[in-house]
Amino acid sequence: MNALRFPDDFVWGAATSAYQVEGATGEDGRGPSVWDTFAAVPGNVKDGDTGDPGADQYHRYGEDIELMADLGLDSYRFSVAWPRVQPTGTGKPNQKGLDYYRRLVDGLAERGIRPMATLFHWDLPQELQDRGGWENRDTAARFADYAEIVFDALPIRDWLTINEPKTVVECGYRFGSHAPGFTDDGRAFVALHHLLLAHGLASQVLHEQHRGRRIGPALNLHPTYPSDDTPEALEAARHQDGLENRVYLDPIFKGFYPEDTLRWISERSPMREHILEGDLVTISEPIDILGVQYYTPVFVDGSGERVFLHEKAQADWLEIYPEGMYDILARLTRDYPSVPIVITENGLPTLDVPGPDGHVRDEGRISYLRDHLTAMHRAIGEGARVEGYHVWSLLDNFEWAEGYSQRFGIVYVDYENQRRIPKDSALWFREVVKSGELR
Ligand code: FCB
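Let us look at the structure shown here. (Residues numbered from 1 in each chain as written. Predicted model: local features only at pLDDT ≥ 70, side-chain atom pairs only at ≥ 80, totals over all residues. Heavy atoms only, no water.)

A few points about the overall build of the chain
On a plain count of helices and strands, the chain comes out with 15 helices and 15 strands. For 439 residues, the compact-globule estimate of 2.2 N^0.38 gives 22 Å, and the C-alpha radius of gyration of the chain, at 20 Å, lies within 12% of that figure. Its C-alpha atoms put the chain at 60 × 55 × 45 Å along the principal axes. Counting over 439 residues, the chain shows a buried share of 62%. Long-range pairs, those at least 24 residues apart, make up 76% of the contacts in the chain between residues at least 6 apart in sequence. Counting every atom, the chain has about 16,300 Å² of accessible surface; 49% of that belongs to carbon and sulfur. (Helix = DSSP H or I, 4+ residues; strand = E, 2+ residues; numbered from the N terminus. Rg over C-alpha atoms; globule rule 2.2 N^0.38 Å. Buried < 20%, exposed > 50% of the residue type's maximum accessible area, 1.4 Å probe, protein only. Contact = heavy atoms within 4.5 Å. Areas by Shrake-Rupley, 256 points an atom, 1.4 Å probe, with all protein chains shown as cover.)

In structure tokens:
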């Protein structure tokens, strides 16, 4: 096969999030978040793991920046922990929290690595949760205040508002597997609306106060397909597409919720009552970049049940289907207004163990990444405006309810001593980054 060449200015990076890698949850004035609370309850997280010590990046960011420089990365996507900046979610900023991110950003700049920062990657200050969390409209206003503080304090061009609002809605409020751990459709979709409102309000703040910077959401889009060609399966796939994709994309890009999905939601949630005049104008504040996170397709049968037709990863929700990367990018290009797209996450957990020679041979991850990059390349060739790609993740880290049992990093972390070992996939990725080619 001929080498696949990426555009010369293509941005190669890796992603993490605060609660998953930082550790140091009690240091320098950080307040508690919903994930500290959730992880402290026995049974919520595998083996009783918590975000401490994570990958201890709060103390080891300097070493991690060197690692990224060694890998030749152009960009590092990380998240800012709201409870470090505002320990109770409101009021005066905690300078020590801001100083940490300033050191991180300055360190990246010294090595020529661009920061891309996510404002909210699920670690809501606990005190805001106690006041109703995302079910409370006021949380969206508090988020805009927090965003303003962070925009002013950090010299960063590219911002992401909310990481995967869908995962908060589904795992946090419908299935109860993530913080805050509810199983209530009624509350879930009210939270959805306020998450999108928060996205819009923060985007407006950036546009009003910091011209030339860019902002957008980070959406995990799941291309949905019928598992057979019966009319029932086709209909179920369309419904699923509403819940997976359109209910997030349509309000942001088009200023309305999809009617079919809204009808279904209204049968189980008072969400509609929470949509006030002007909200959809706020939510559809034009975005400058779209963060796309792709891991898995969703195939559904005629009864709407998810079926798995391809090899599954170690994570039981992840079906390996690189064509889905192509399909979702082609669909965005076809059905939505054109904005620059950045792949903000894509990756695979594997059972990684260092061999006797110290190498971590993660062949499965290499072929997953190769196949997904190939699919992305094809979409770019057909007009998808993808300007960058971030592998999830730079480092092994706290994988939410799975604790430390799932390793997504291209760099192995030995949790006994926090030693970092670039896996074979990192060495492979370095070649792709260096050459700008997939061979
Ligand atoms: C995404 C999350 C990220 C990580 C990966 C595996 O849903 O945004 O934090 O857990 O999945």
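Text resumes after the structure shown.
Focus: the packing of aromatic side chains
Between two aromatic rings, the relevant description is the distance of the centres plus the angle of the planes. Counted by the stated rule, this structure contains 35 aromatic pairs. A network of ring pairs unites the aromatic residues Tyr19, Trp35, Phe38, Trp122, Phe398, Trp400, Tyr404 and Tyr415 as a single cluster. Sitting over the ring of Phe308, Lys312 keeps its end group 4.2 Å from the ring centre. (Phe/Tyr/Trp six-rings, centres within 6.5 Å; stacked < 30°, edge-to-face > 60°. Lys NZ or Arg CZ within 6 Å of the ring centre and 35° of its normal.)

Quick notes on the site of the ligand
The environment of the ligand is formed by Gln20, His121, Trp122, Asn163, Glu164, Gln293, Tyr295, Glu345, Trp392, Glu399, Trp400 and Phe408. His121 is positioned with one of its side-chain polar atoms (N or O) 2.8 Å from an oxygen atom of the ligand. Between the ligand and Glu399, the relevant distance is 2.6 Å, taken from an oxygen atom to a side-chain nitrogen or oxygen of the residue. Protein chains shield 95% of the accessible area of the ligand, which is 300 Å² for the free molecule. For the ligand, the cavity whose grid points lie within 2 Å of the majority of its atoms is the largest pocket. Tallied by class, the residues present in the shell around the ligand amount to five nonpolar, four polar and three charged. (Near = heavy atom within 4 Å. Polar contact = N/O pair within 3.5 Å; in protein donor to acceptor, adjacent residues only side chain to side chain. 1 Å grid on protein atoms, 1.4 Å probe; cavity = no way out; pocket = protein on both sides within 12 Å on 5 of 7 lines; lining within 4 Å. Sits in = over half its atoms within 2 Å of the grid points. Nonpolar A, V, L, I, M, F, W, Y, C, P; charged D, E, K, R; others polar.)

Details of the pattern of salt bridges
Under the counting rule described, the total for this entry stands at 39 salt bridges. Between Glu244 and Lys166 there is a salt bridge; the shortest N-O distance is 2.8 Å. Residue Glu244 is located in helix H10 (residues 231–254), and its partner Lys166 is located in helix H8 (residues 165–174); the two are separated by 78 residues in the primary sequence. On the basis of relative accessibility, which here comes to 9%, the residue Glu244 falls in the buried class. Classification of Lys166 by relative accessible area gives buried; the value is 4%. Linking Asp396 and Lys423 is a salt bridge whose minimum nitrogen-to-oxygen distance equals 2.7 Å. Residue Asp396 is located in the loop between strand E12 (386–392) and strand E13 (411–414), and its partner Lys423 is located in the loop between strand E14 (419–422) and helix H15 (424–435); the two are separated by 27 residues in the primary sequence. (Salt bridge = Lys/Arg side-chain N within 4 Å of Asp/Glu carboxyl O.)

Some words on unusual backbone geometry
For the bond running from Ala179 to Pro180, omega is 5°, close enough to zero to count as cis. Among the secondary structure elements, Pro180 is positioned in the loop between H8 and helix H9 (185–209). Backbone torsion omega between Trp392 and Ser393 reads 10°, so that peptide bond is classified as cis. By the element assignment, Ser393 lies in the loop between E12 and E13. Residue Trp122 is not a glycine yet carries a positive backbone phi of 85°.

Looking at the layout of surface pockets
In this model, the largest pocket occupies a volume close to 940 Å³. For the largest pocket, the lining is made up of 36 residues, of which Thr167, Cys171, Phe175, His222 and Trp317 are closest to its centre. Classifying every residue of the lining of the largest pocket by side-chain character gives 13 nonpolar, 12 polar and 11 charged. Computed from the structure, the second largest pocket encloses a volume of approximately 190 Å³. Lining the second largest pocket are 13 residues, with Pro223, Thr224, Tyr225, Asp241 and Arg331 sitting closest to its centre. Broken down by secondary-structure element, the contributors of at least two residues to the lining of the second largest pocket are strand E7 (224–226), H10 and helix H13 (323–335). If you tally residues by element for the lining of the second largest pocket, the top one is H13, at five residues. (Points joined across faces, edges and corners; volume = space filled by probe spheres on them.)

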